[in-house]
Amino acid sequence: MSAVRRVSLSVVCLLLLLLLLESRASDILNDAHVYRAFASFEVVPDVIDEAPDCWARVSFKSGRQAEGGNRLTPTQIRNPPVVTWNVNERALYTLILADPDVPSRDDPRYREFIHWAVGNIPGNDIDRGETLVEYLGAITARGTGLHRFVLLVFEHLQKLDFSGEPRISAQCGTVRRYFSTRNFTRKYELTNLYAGNFFQTQYDDYVSTVQAQLRECTLNELNGARNGTVFGGP
């Protein structure tokens with residue numbers, strides 16, 4: 001076989017592989033599968049009553065993506081992801097990322113642990129939103145098995161007033177416990193769950209690095225803490 005023909009075959013094989021990967025990714029994030037995926041992993045009803053209408057695309061700096069229940073390591077999700085969805089230019093969005101399986105899925109007595117919350121996002125520009133809870137990577141304890149990490153995006157037409165909520169930094173840990181997606185959406189009348197995604201993760205050695213940065217925080221010391229906050233306790 002000539003060198004030219006070998007190169008041509010290699011190019012064809014590469015193109016076929018890329019097409020296969022693209023097809024697989026589009027199948028995983030096919031909006032028709034949203035309801036089935038959220039129900040099969042029991043995100044419905046553990047976190048929300050109904051699944052979103054479409055997928056949010058969640059891409060981490062590590063090169064990995066959320067794919068509706070796939071497994072990612074704490075090392076792979078150490079940085080905030082890039083999250084995109086099809087936007088309505090006249091709307092704003094509020095995003096939350098929570099782990100409902102703390103300390104474990106079999107014993108979720110601290111449900112939910114909030115890892116990230118950003119309100120009043122214009123379009124997909126999360127950096128221009130109002131950060132309520134800074135992103136915190138996984139702190140899934142050794143031996144507690146797989147945890148579901150659920151990311152939800154809510155659409156709303158009016159700017160929401162989050163002035164009564166504390167601002168939780170990446171160094172605050174225990175105050176993130178007992179978050180309730182249902183209470184949060186009820187308080188702010190977030191009835192349009194527009195997009196979402198989820199993945200699973202469990203302990204790896206990077207967890208100890210994340211835990212080392214945490215300290216005890218109380219609502220009283222956090223900026224903006226008020227009575228009736230949906231953060232920081234049952």
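Residues numbered from 1 in each chain as written. Predicted model: local features only at pLDDT ≥ 70, side-chain atom pairs only at ≥ 80, totals over all residues. Heavy atoms only, no water.

- The protein chain is annotated in an unreviewed UniProt entry as Phosphatidylethanolamine-binding protein from Anopheles dirus.

**Some details on the sheet that holds strand β7 (residues 147-156)**
The strands making up a sheet associate through backbone hydrogen bonding, with each pair oriented either parallel or antiparallel.
Here comes step 1: Taking strand neighbours across the sheet as the criterion, the six strands line up as β1-β8-β7-β4-β5-β6 in an open arrangement whose pairing is mixed. Lying at the two open borders of the sheet, with one neighbouring strand each, are β1 (54-55) and β6 (130-133).
Here comes step 2: Pairing geometry for strand β5 (residues 113-122) and β6, over three bridges, is antiparallel. By the bridge assignment, A117 is partnered in β6 with V133. (Pairing = 2+ DSSP bridges. Helix = DSSP H or I, 4+ residues; strand = E, 2+ residues; numbered from the N terminus.)

**Section: the pairing of strand β4 (residues 92-99)**
If a strand is regular, its side chains alternate between the two faces of the sheet.
Here comes step 1: Taken across its eight residues, β4 has eight buried, putting it largely inside the fold.
Here comes step 2: Here β4 shows a buried face lined by L92, T94, I96 and A98 and a second buried face lined by Y93, L95, L97 and D99.
Here comes step 3: With seven bridges joining them, β4 and β5 adopt antiparallel strand pairing. Looking at the pairing, L97 lines up with W116 of β5.
Here comes step 4: Bridge analysis of β4 against β7 gives seven bridges, and the strand direction is antiparallel. Residue T94 lies in a different strand from β7, and its bridge partner there is F154. (Buried < 20%, exposed > 50% of the residue type's maximum accessible area, 1.4 Å probe, protein only.)

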